[in-house]
Amino acid sequence: MPARRLLPIVLAALALTACSPAAPLIDVTSSPSSATSVPVEPAAQPLELGDFDPEGDFEVFNPCTEIPPEIRAAAGLGEPVGAPFSDQGKSESCSFESLDPQMRGFFALAGDKIPRSRILERKLFISPAAESAVPDVYLHHMGTGAPDECSAAVHTTRGRFVVHYMETLSTQGRESLCSQAVQKLEMIHQLLGEDSGDSH
């Protein structure tokens, strides 16, 4: 199924996870990326890792507007797939094709206020502690039942930052998809600059 036909499914899942207690959460899958050799200076505002209050009054990190195009390109993200999605401050998301022609799926970047406890309640964890250079990254799926997607998430002081990778009709295992999501999250975090705060 082409990536453009999958976008409404992913956006609907993102919307449901942000506001519905019974909705499935996003699965982030990671696949090898071919980052370009474009030199990029770290952004003025790094992604500050740390805790957040899901009921707090703060502006959710918006990866669609706060990650500059040159950083997305350096991280191996290509053309947008569909339009960005916004859920009135609860979640912000957008999807991109990979610059790696070998990758058949697409990446979605999201910022949201979903607490770790909701993922635990719904039994969506793939791994509560993923192997990553970024502290406290965890993996979960969206609850669709198909092993064709994975989400890598990290908490920031402005909500979660999630990288989701989906590859419909994938011949790769979920572990490989998750690896791609983690790698993309690590690259973006490094390119934005690091501020580890009190990461949890």
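Residues numbered from 1 in each chain as written. Predicted model: local features only at pLDDT ≥ 70, side-chain atom pairs only at ≥ 80, totals over all residues. Heavy atoms only, no water.

K.L.:
How should the pattern of salt bridges be read in this particular structure?
P.N.:
Close approach of charged atoms allows side chains with opposite charge to pair. Scanning the entire structure with this criterion turns up four salt bridges. The partner of Arg 104 in a salt bridge is Glu 167, with the nearest N and O atoms 3.7 Å apart. Here the residue Arg 104 occupies a position in the loop between strand S4 (91–98) and strand S5 (106–112), and Glu 167 occupies one in the loop between strand S9 (159–166) and helix H5 (174–192), the gap between them amounting to 63 residues. Looking at Glu 167, the relative accessible area reads 2%, which means it is buried. One salt bridge connects Asp 112 with Arg 160, and the closest N-O pair in it is separated by 2.8 Å. (Salt bridge = Lys/Arg side-chain N within 4 Å of Asp/Glu carboxyl O. Helix = DSSP H or I, 4+ residues; strand = E, 2+ residues; numbered from the N terminus. Buried < 20%, exposed > 50% of the residue type's maximum accessible area, 1.4 Å probe, protein only.)

K.L.:
I'm lost on unusual backbone geometry in this one. Help?
P.N.:
Glycine aside, negative phi is the norm for most residues, and most peptide bonds take the trans geometry. The backbone of Lys 123 sits at a positive phi, close to 55°, despite the residue not being glycine. Take Lys 123: it is sitting in the loop between helix H4 (116–121) and strand S6 (125–127). The exposed category is assigned to Lys 123, whose relative accessible area is 71%. Phi is positive for Asp 136, close to 65°, though the residue is something other than glycine. When you line up the elements, Asp 136 lands in the loop between S6 and strand S7 (138–140). Judged by its relative accessible area of 33%, Asp 136 falls in the partly exposed class.

K.L.:
When you look at the pairing of strand S8 (residues 149–156) in this model, what are you seeing that I'm missing?
P.N.:
Across a regular strand the side chains alternate sides, sitting on one face of the sheet and then on the other. Counted residue by residue, S8 has eight buried out of eight residues, so it is predominantly covered. Where burial is concerned, the two faces of S8 agree: the one with Glu 149, Ser 151, Ala 153 and His 155 and the one with Cys 150, Ala 152, Val 154 and Thr 156 are both buried. Counted along the chain from S8 to the antiparallel partner S9, the turn is two residues long. (Pairing = 2+ DSSP bridges.)

K.L.:
Please clarify how the state of the cysteines should be interpreted in this entry.
P.N.:
Defined simply, a disulfide is a covalent bond joining two cysteines at their sulfur atoms. Tallying each qualifying case throughout the model produces two disulfides. The side chain of Cys 64 participates in a disulfide bridge whose partner is Cys 94; the two sulfur atoms lie 2.3 Å from each other. Handedness of the Cys 64-Cys 94 disulfide follows from its S-S torsion of about -110°: it is left-handed. With Cys 64 in helix H2 (residues 63–66) and Cys 94 in strand S4, the pair connects residues that are 30 residues apart, well separated along the chain. Among the residues examined, Cys 64 registers a relative accessible area of 16% and is labelled buried. Residue Cys 94 is classed as buried on the basis of its relative accessible area, which comes to 5%. Across the disulfide, Cys 150 is cross-linked to Cys 178 (sulfur-sulfur distance 1.9 Å). Here the S-S torsion is close to 105°, and the disulfide linking Cys 150 with Cys 178 is therefore right-handed. Of this pair, Cys 150 sits in strand S8 while Cys 178 sits in helix H5, and the two are 28 residues apart along the sequence. Take Cys 150 and Cys 178: they sit in the same class, and that class is buried. (Disulfide = S-S within 2.5 Å.)

As far as function goes, none of this settles anything; it's purely spatial.
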